[in-house]
Each structure stands twice: as structure tokens, then as C-alpha cells.
Number of protein chains: 2
Amino acid sequence: MTEPLRPGATIGILGGGQLGRMLSVAASRLGFQCHIYEPGAAPPAGHVAAQVTTAPYEDLAALRAFAQSVDVITYEFENVPTASLDALEALRPIRPNRRALAVSQERVAEKDFLTGLGLQTAPYARVTDLAALEQALERIGTPAILKTTRLGYDGKGQARIMTSEDAPAAWEAMAGAEAVLEGFIDFSHEVSVIAARGLDGSVACYDPGENVHRAGILHTTTLPARLSPGQRTDAVLIAARILNALDYVGVMGVELFVTPQGLIVNEIAPRVHNSGHWTQAGCAVDQFEQHIRAIAGWPLGDGSRYADVVMENLIGSDVDRVPGLSRERNCQIHLYGKSEVKQGRKMGHVNRVIRGLT
Amino acid sequence: MTEPLRPGATIGILGGGQLGRMLSVAASRLGFQCHIYEPGAAPPAGHVAAQVTTAPYEDLAALRAFAQSVDVITYEFENVPTASLDALEALRPIRPNRRALAVSQERVAEKDFLTGLGLQTAPYARVTDLAALEQALERIGTPAILKTTRLGYDGKGQARIMTSEDAPAAWEAMAGAEAVLEGFIDFSHEVSVIAARGLDGSVACYDPGENVHRAGILHTTTLPARLSPGQRTDAVLIAARILNALDYVGVMGVELFVTPQGLIVNEIAPRVHNSGHWTQAGCAVDQFEQHIRAIAGWPLGDGSRYADVVMENLIGSDVDRVPGLSRERNCQIHLYGKSEVKQGRKMGHVNRVIRGLT
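On a predicted model such as this, the values are computed, not experimentally measured, just so you know. (Residues numbered from 1 in each chain as written. Chains lettered and ligands numbered in written order. Predicted model: local features only at pLDDT ≥ 70, side-chain atom pairs only at ≥ 80, totals over all residues. Heavy atoms only, no water.)

## Quick notes on the overall build of chain A
Spelled out, the test is: Under the scheme used here, helices are H or I runs from DSSP no shorter than 4 residues and strands are E runs no shorter than 2 residues, and both carry numbers assigned from the N terminus. The reference for a compact globule is 2.2 Å times residues^0.38; the radius of gyration itself is calculated from the C-alpha atoms. Think of it in three bands: residues with accessible area under 20% of the maximum for their type are buried, residues over 50% are exposed, and the middle band is partly exposed, with areas taken using a 1.4 Å probe on protein chains only. The criterion used for residue contact is that any of the two residues' heavy atoms lie within 4.5 Å. Only the protein chains shown count as covering a residue, and every accessible area follows the Shrake-Rupley method with a 1.4 Å probe.
Of the regular secondary structure elements, chain A holds 11 helices and 17 strands. For chain A, the C-alpha radius of gyration of 20 Å lies close to 21 Å, the compact-globule estimate for 358 residues. If one aligns the C-alpha atoms of chain A with their principal axes, the spans along those axes are about 60 × 50 × 40 Å. Considering chain A as a whole, with its 358 residues, one finds that 60% of them fall into the buried category. Considering only contacts within chain A whose residues lie at least 6 apart along the sequence, 61% involve residues at least 24 apart. Carbon and sulfur atoms provide 50% of the accessible area of chain A, an area that totals close to 13,600 Å².

Here it is as C-alpha cells:
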């Protein structure tokens, strides 16, 4: 499929969480219907989708039926098994492509790819046993952080190493999984670029936002980020280089550390990204619609920023603050329809619009 | 129910067209689920709703099951039979209330209500036969317009009377239905106020927009409207008086003619309104979310305008312009997911954001 998808077409989304939910809403604005594929019952995205399939990611028959019912497949969840992706791709295009998924699913592959492009990352080493970890610590030094190479998400599967004595406990925390040791970066702050690439190869980036984390989870994203004009240009060029190298189609989140030695790539995510939720309040076309436009083969939309915005995540019991938030001026509330409140669970977010720009 | 509805609650919507569709999307942002009740198959709102009931408005059993599955009932369609409303209201609150529906369903009742509040309307007379029409024409003069008192929508069931000789043909066009004769108003332009009233009696109005019609259907709404500061205040006061008098809860569209003798009320609609679609591009909280907030007993949201906007409807084959529109800057596209293009059918709209306001 290289022709633009026509209104009335169906978009398949792997994963039914809040990202799938907001993608489905954006797709509806362009006249598309969405079919959500999600193993868990009663997914948030199902409240605003035309169709839901509830089945495991390993159920090839369900995946094939799903693929046959849609025109193009995208995802909010990146850890779909390879055999399942093979089955889907035999029937319909998957966007962003498999290479983007493969690179971002595995931390070492990601860093090898990024450094291969001439981009800066934290110093890193693959670690498969305690001896390798100790060797890597000698080269990289402490403090450092040990992470499983796969399935990392919101600070899970990570262990800090403050001195070499922490090594055995850190390795134990990996539970035998392959890991990567990353050196600490002395950065002043973190920014992220939400970048999009269309089927025609055109690239558009949103203005970078500045991220603050709490307990390993994104807390706020503030627009504009503190960046010099030169850093702002660098940030966009880095993102564009990554997208072009992957022949990427869709929206990607690129997290960057700001250091005196330049911008260092922390992580890339081949999907709409939490740090891009502010675009719902500050742009004519938000990151969700931009992603849908890209994977549908439409021209990328106008993502220029017309307001200063602070996005704040509502984590766990933060959602109890909604009655008060609903009385605040300039405050856009987005709740995800999750019935159970759990510690660390993303329940919603608010976008505070600070002022309009002329 | 006077307590605010909690996230997770279900809102029932009578009517599954584009208004129901955009209401359902807005409800999802606040963590609500929607259940759509619509006689027609495959309603546009069903693509973004948790549940759909397909049944006629006369099916009391289906209506009761629908009511029992929701926490509050609202509507995008105003011509639901009285017996059906009785059945629904016995089980769940209907917001806006029955009085607002009764007044707006019948043109003479509406004008009696408005003039009873001391507001100006076009001169009008109830017409039940040709003799009454001729008598009314003597008093009101020509040109005038004859309309059925019920079920009027987008210029249907209307006949213009340029001279008294047109009277018999105009009366025939009513097909025996009760009608109202309205005198022409010499107005410079039409504006509309999208007004909201909360369960606590608070009122909030969006900035008035200026409407241009084509062939009896809204073509564009432009913000800001051409109004003097005094007219702007009058417009808001008129809307607030109407909402308070009806003990209204929800969003209402109030169409006003601008004349040298002041603002004249053309029509009121007890629901979100086509001339309020611009709020999706110019306000932190749009008319759809404002309506959901009101009927859910939440505080009204911040509807202050931060951009100049022109909303343009895509009627019938206008939708073929979407590929070109998708390349325009500052252009927000909203398609309704209707599969069949028909002449005069509202297929979507675009909001063009002209500039940000500080």
C-alpha cells in the first residue's frame, strides 16, 4: 500500500492502553475506524474503538483474523513476539517498520545503531554474567546503571551501581536476563523530541519539551525546553537522522540528555510518547493525529506550537486530584478510563496552557 | 443525582450522528464511557463509543434497558417521542431537561417563551389553515417564511412567501402540518452564542461566532464575530437569560440576528451546535467537553478563546477536498465517518486557526 488510506479505512492497533486510546480518537477525526488487539480484558482503548480483539500476542490465528480486518497495522506496545509480527506482516503493512521495532526492543542494538550513526550515547557494555559486569565496571566506572536489554519500561528491570561492591546484587536483580551496563551522564536536564516521518520521507518535529521524572516515571514535560538555538537545531537534526536511517514511518519519541559536551541520546521509542502529550493542547495537529497521518500515507500535519504548555502525569492516586483540577483555568484533563488505581500506574494527564503565542 | 459523576461512569446519548460522536470523544477525555442509542445502523458515534443500541425511538423496552445501563442521559437528537422520554426519565435524569426540549421542539412555543422573557424575535403567527395564513400575512407582510412548527432542520419544511399570491403554494408545501409564519428580519449578519449552564447554576458562554449559511445549511463560523462591545455583552446576557429561565443544564446554541434595533433571537438548540465546532481549535475546553462536564455535574471548564478560528463545514462532495485540505497549514480536519456521501449531508468540518492570542 503506497496510496493514502481513504476515510472509512480501518487501522489496527496492537495494544489497548492509553496510547492506543488516544490514537483511536485521533484516527476518528480523520474518518478512520480502529480495531484494537489487546490481551488484557476491558482495555482503555476499547471505549473509543470500533472493534476490539481480546487475545494473547502469541495467538497466531487471532492475529491473522485481526490483520485481515484492517488496512494497516501500528502499535503502542513494542514487545510483540517476532513470530507474531511475521504472521501480521505477511498480511498487512506494519508501520513503523520491523527494523525500528528490533532496534528499540533491545538496548544494546539501539545503542549500537545510534553510535553507528555518529550520535552520542552513554558509555555502555553488554553484560551476560557477573564477570562481564565487573569487567565493564572497570572500563565505565561508577556510578552506573544495569538494565535488562529487553522489556524495560518505566524504571522496571533496573539496578543502580554506586560502587563496585553493588555488582553482585545488581546482577542478581537481572534474574539471569542479558543486561547492559550504562555509565551515568552528567546532564543538566532531559529533553525529548517528538518526531514524525511520512511515507514520502518528509520529516516534521515538534518543538522539544523538557522532562522531569519522579521515581523513574515521567512527571512533567514543559514547553518550551531550556535549550539554546543551536541545541534546538541539534535536537531536531538528531531526530531526523534517526528517522531517515530507519526509513521510519510514524511518530517517534527521542529522549536527549543536555550536557556541556552536547546532546546525548538516552532512548528512542518507536511510537507516540508520553512526553508528546502536550501537543494535544499546543498544536493544530497533535502527535496522535500525526502518527495516524504518517501510517495512513497522508501528508504530515502542522505541528507548530502556538502555546506554552506544561504536561503533568497523573500517577496512581494523583487521580484523586481531578475534582480540584477540574476547577483550574487553562487546564485540560485527559483520563484513561482505567478502573483500578495502582501505585505507579498512569491514570491520566493534564495539559496546562500557559499563554497563547502570536 | 446531584453528586458529580465519577470517572468510569456511563453517559447515555440519544442519537449517533456527528454530535454524538464528538460528545463521546469528549466524554472519554474525562474518563467516562458512552452508550449510544440510535435507530439507524452503523452510526458514526458507534466508532468511538463503548456500546451501541440499535433500536427505534418508540421501542420502550430497548429504551428502558438503555437507561438502566447508564448514569445520565443526554441527546444530540431532539425529536424523541414524549412517551419515550417519559420512560427514560422514570429511570435516569435527562439533561438538558424536558422543558428545554419541549420549548425547542415547537417553533411557536419557542417564540412564545422567548418573547415572554422580553427578548426580541421575528414577528410570527401560528397558522393552521390557508385562511389563517392569509390573515397572518396581512399583519406581518411580505416577504415572509412559512415553516412547519415541528421537525424543521437545515431548511427542510420551509417555504418562502414573496407576495401574497405565494400563500396557497406555501400552505400546500406544509402538507397539512401546523405551521408558523415568520416575518423577514432586515439583519446585517447572524451570530451565535454557545452557552453552557452547570448543575450548580453557573453559566459560561463562548465568544460569539459569526455564521454564514449556504442553501439553508451552515457554511462557515468565524471568530471573532463582527460585534460592538455592547452587542457582545448583550449576546451573552440574552443566552444567560434563556438558560436560567429553563433551569438548563448543558450546552445550548443560541442564534442571533444583528440588526440596528438590537439582537433578535432566531433559534435556540438544546444541544451542542454546529456553530460551536470552532471551540475544538480555539479553547482549552471545547463545547463537547463543556456539555459533558455540565450534565455530569462537574464544574464548567475554561472556554476562553486563545485563537482566531474559521470553521468551515464539509457538505456532500466537499469531502473530496480532504486531500488538499490535509496539506494546509493551521487546518484541523474533522471527518464524521459517514460512508455514503449525499448532497447536503454534513460529512465533516475543518477548523482553520488564524493566529494565537496572547
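## Let's talk about the domain arrangement of chain A
Residues and elements named next belong to chain A. As a reminder, the rule being used: Domain delimitation follows an automatic or database domain assignment. Throughout, the accessible surface (probe 1.4 Å) given up by two parts as they are put together, summed over both, is called the buried area. A carboxyl oxygen of Asp or Glu within 4 Å of a side-chain nitrogen of Lys or Arg is what we treat as a salt bridge. Polar contacts here mean pairs of N or O atoms no more than 3.5 Å apart (in protein, one a potential hydrogen donor and the other a potential acceptor; neighbouring residues in sequence count only if both atoms are side-chain atoms).
By domain assignment, chain A separates into domain 1 (10–94), domain 2 (123–183) and domain 3 (189–356). Each of domain 1 and domain 3 has a C-alpha centre, and the two are 22 Å apart. With both chains or domains summed, domain 1 and domain 3 bury close to 1,800 Å², and 69% of this area falls on carbon and sulfur atoms. Of all residues in domain 1, Q18, M22 and L30 bury the most surface against domain 3, accounting for 31% of the area lost on that side. On inspection of domain 1 and its partner domain 3, the count reaches three salt bridges. Between R271 and E78 there is a salt bridge whose closest N-O contact spans 2.3 Å. Counting across the domain 1 and domain 3 interface gives seven residue pairs in polar contact (both at pLDDT 80 or more). Elements that contribute at least two residues to the side of domain 1 that touches domain 3 include exactly α1 (18–29) and β4 (72–75). Top contributing element to the side of domain 1 that touches domain 3 by residue count: α1, with eight residues.

## What to know about the interface of chain B and chain A
Note the cut-off: Nonpolar residues are Ala, Val, Leu, Ile, Met, Phe, Trp, Tyr, Cys and Pro. Charged residues are Asp, Glu, Lys and Arg, and all others, Gly as well, are polar.
At the interface, 36 residues of chain B touch 36 residues of chain A. Taken over both partners, the interface formed by chain B and chain A buries close to 3,200 Å², and the fraction arising from carbon and sulfur atoms is 55%. Taken together, chain B and chain A are joined by two salt bridges. A salt bridge links R329(B) to D302(A), with the nearest nitrogen and oxygen atoms 3.7 Å apart. The interface formed by chain B and chain A includes 17 residue pairs in polar contact (both at pLDDT 80 or more). Every element with two or more residues in the side of chain B that touches chain A is listed here: α1 (18–29) and β16 (331–335) of chain B. Sorting elements by how many residues they give to the side of chain B that touches chain A places β16(B) first, with five residues. For the side of chain B that touches chain A, a count of residues per class yields 17 nonpolar, 13 polar and six charged.

## Section: the packing of helix α2 (residues 60–68) of chain A against helix α3 (residues 82–89) of chain A
Residues and elements named next belong to chain A. Stated precisely, the cut-off is as follows: Axes here refer to lines fitted to C-alpha atoms; in helices the fit is confined to the stretch in contact. Angles between the N-to-C directions go from 0 to 180 degrees. When the near helix sits turned anticlockwise from the far one by under a right angle, the crossing is termed left-handed; a clockwise turn instead gives a right-handed crossing.
The geometry of α2 relative to α3 is characterised by a closest axis approach of 9 Å and an angle of 35° between their N-to-C directions. At the point where α2 passes α3, the crossing takes the right-handed sense. Facing L60, L63, R64, F66 and A67 of α2, the residues of α3 in contact are A83, S84, A87 and L88. Of the residues contributing to the contact of α2 with α3, the split by class is seven nonpolar, one polar and one charged.

## Remarks on unusual backbone geometry
A cis amide bond, omega -5°, links R95(B) with the succeeding residue P96(B). Assignment of secondary structure puts P96(B) in the loop between α3 (82–89) and α4 (98–105). The step from T142(B) to P143(B) runs through a cis peptide bond, and the omega angle for that step is -5°. Mapped onto the fold, P143(B) is located in the loop between α6 (130–140) and β6 (144–148). At A175(A), a residue that is not glycine, the phi angle is positive and equals roughly 55°. With respect to the secondary-structure elements, A175(A) resides in the loop between α7 (167–173) and β8 (179–183).

## Here's the deal with the packing of aromatic side chains
All names here are of chain A. What counts here: Geometry of aromatic contacts follows a simple scheme: Phe, Tyr and Trp rings, the Trp one being its six-membered ring, pair when their centres are within 6.5 Å, and the pair is stacked under 30 degrees between planes, edge-to-face over 60, tilted otherwise.
Scanning the model with the defined rule gives 13 aromatic pairs over all chains in all. When the ring of Y37 is compared with that of F66, the centres are 5.2 Å apart and the planes differ by 65°; the resulting orientation is edge-to-face. Note that Y37 is positioned in strand β2 (residues 33–38) and F66 in helix α2, a separation of 29 residues in sequence. The pair formed by Y37 and F66 is uniform in burial state, with each residue classed as buried. Grouped by ring-pair contacts, the aromatic residues Y37, Y57, F66 and F77 constitute a single cluster.

## Considerations on the sheet that holds strand β8 (residues 179–183) of chain B
Residues and elements named next belong to chain B. Filter applied, for reference: Any two strands are treated as partners once DSSP identifies two or more bridges connecting them.
An order of β5-β8-β6-β7 is seen for the four strands of this open sheet, with the pairing classed as antiparallel. The open sheet has two free edges, formed respectively by β5 (124–127) and β7 (158–161), since each of these has just one partner strand. The average undirected angle you get between the axes of adjacent strands in this sheet is 20°. Alignment of β6 against β8, held across five bridges, turns out to be antiparallel.

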